[in-house]
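# Structural characterization, general
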Amino acid sequence: SQTIHQWPATLVQPVGSPLSLECTVEGTSNPNLYWYRQAAGRGLQLLFYSVGIGQISSEVPQNLSASRPQDRQFILSSKKLLLSDSGFYLCAWNKAGGPRYGSEQFFGPGTRLTVL
Amino acid sequence: DAKTTQPTSMDCAEGRAANLPCNHSTISGNEYVYWYRQIHSQGPQYIIHGLKNNETNEMASLIITEDRKSSTLILPHATLRDTAVYYCIVRVVETGANNLFFGTGTRLTVIP
C-alpha cells in the first residue's frame, strides 16, 4: 500500500533562518506531488506541484521554493523565512496518468511551522 | 477553475444525517465535484467525487442536481468523529497534474 511521510511534524524557526521540509511517498512510482499551505483559519493554498523529477510548477509567487531530486521525494525550502511563512504545510500525491477526471489526492500528516 | 460556495459552519446531532450543501453555478461540463474533509491539525481526507450521477461509498453519498450547479454531501449517520471542515471542490484534470483548489469549507460540528 502507498504511504506518504512528512517531517518534521512541528518546527519553530526564527525569522531569516533557512527552511527545509521533506516529503516522501512509498509504494508507488512516478506520482504527481504537491505542496500546500494552510494559514490559521484559512483554506488550503496550493504552492507547488511536480509531475516528475526536476519538474516544478509554482502556483503563487512567494518566498519558498520546491525541488524534486528523486521520483518520490519532494522538498520545500526557503533561504530566509518570513513571519508570513508560518502555517500548516501539507504534501500530497496522486497517480500520474490515471483516469482523465477524478483522480483524488492523498495527503500527508503535515508540518506545523511557526516563524518567530 | 469554477468556484464553490459553502456555508461557513453547520451543526448536526449525533446519529442524524448531515447534509452539506455546495453551490458551483459556473461549473463546466468536464469538471468533477470533489469532497474532502480535514479533521483538526491533520491532512485532508478524500471522501467522494462525481460528475453528474449521484455517488455513494462507505463514507458518504453525493447528490448532484440535474443542472450540476449545486451538490449535497450526505453523511447518513453522523458521529462525533465526523466533526471536521468539509471542502467542496470542482476541478477538471488537465494533462500532467490534478490540482485541487480548496476554499474555506464548511465547519461541521456533530453534537452529542
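Look up: the structure comes first, before these words.
These remarks concern the structure in this document. This is a predicted model, so every value here is computed, not measured.

Rules behind the numbers
Residues numbered from 1 in each chain as written. Chains lettered and ligands numbered in written order. Predicted model: local features only at pLDDT ≥ 70, side-chain atom pairs only at ≥ 80, totals over all residues. Heavy atoms only, no water. Pairing = 2+ DSSP bridges. Helix = DSSP H or I, 4+ residues; strand = E, 2+ residues; numbered from the N terminus. Disulfide = S-S within 2.5 Å. Buried < 20%, exposed > 50% of the residue type's maximum accessible area, 1.4 Å probe, protein only. Axes fitted to C-alpha atoms, helices over the stretch in contact; angles between N-to-C directions.

Residue and element names in this part refer to chain B. Within the open sheet, the 4 strands sit side by side as E2-E7-E6-E5. Their pairing is antiparallel. Taken across any chain shown, the strands that pair with only one partner, and hence form the sheet edges, are strand E2 (18–23) and strand E5 (55–56). In this structure, strand E6 (residues 61–64) lies alongside strand E7 (residues 70–75), joined through 4 bridges in antiparallel fashion. Within E7, the residue paired with Leu62 across the bridge is Leu73.

Before going further, it helps to examine the state of the cysteines. Tallied over the full model, the rule gives 2 disulfides over all chains. Covalently, Cys23(A) is tied to Cys91(A) through a disulfide, its sulfur atoms 1.9 Å apart. Handedness of the Cys23(A)-Cys91(A) disulfide follows from its S-S torsion of about -75 degrees: it is left-handed. One end of the pair, Cys23(A), is in strand E3 (residues 19–26); the other, Cys91(A), is in strand E9 (residues 87–94), with 68 residues separating them in the sequence. For Cys23(A), a relative accessible area of 1% corresponds to the buried category. Covalent S-S linkage joins Cys22(B) and Cys88(B), the inter-sulfur distance amounting to 2.1 Å. Its S-S torsion of about -80 degrees marks the bond between Cys22(B) and Cys88(B) as left-handed, since a negative value means left-handed. With Cys22(B) in strand E2 and Cys88(B) in strand E8 (residues 84–91), this pair connects stretches of sequence that are 66 residues apart. Taken individually, Cys22(B) and Cys88(B) each receive the classification buried, so the pair is uniform in this respect.

Moving on: the pairing of strand E4 (residues 45–50) of chain B. Residues and elements named next belong to chain B. Most of E4 sits inside the fold, with 5 of its 6 residues counted as buried. Judged from the 5 bridges that link them, strand E3 (residues 32–38) and E4 form a sheet pairing that is antiparallel. In the sheet register, Val33 faces E4, and the bridge partner there is Gly50. Here E3 folds back onto E4, and the loop between the two strands holds 6 residues, one of which, Ser41, carries a positive phi near 65 degrees.

The next subject is the sheet that holds E8(B). Residues and elements named next belong to chain B. Within the open sheet, the 5 strands sit side by side as E1-E9-E8-E3-E4. Their pairing is mixed. Each of the sheet's edge strands pairs with one partner strand only, and the pair in question is strand E1 (9–13) and E4. When the angles between neighbouring strand axes are averaged without regard to direction, this sheet yields 25 degrees. Bridge count for E1 against strand E9 (residues 106–111) is 5 bridges, and the pairing is parallel. Note that in E9 the partner of Ser9 across the bridge is Arg107.

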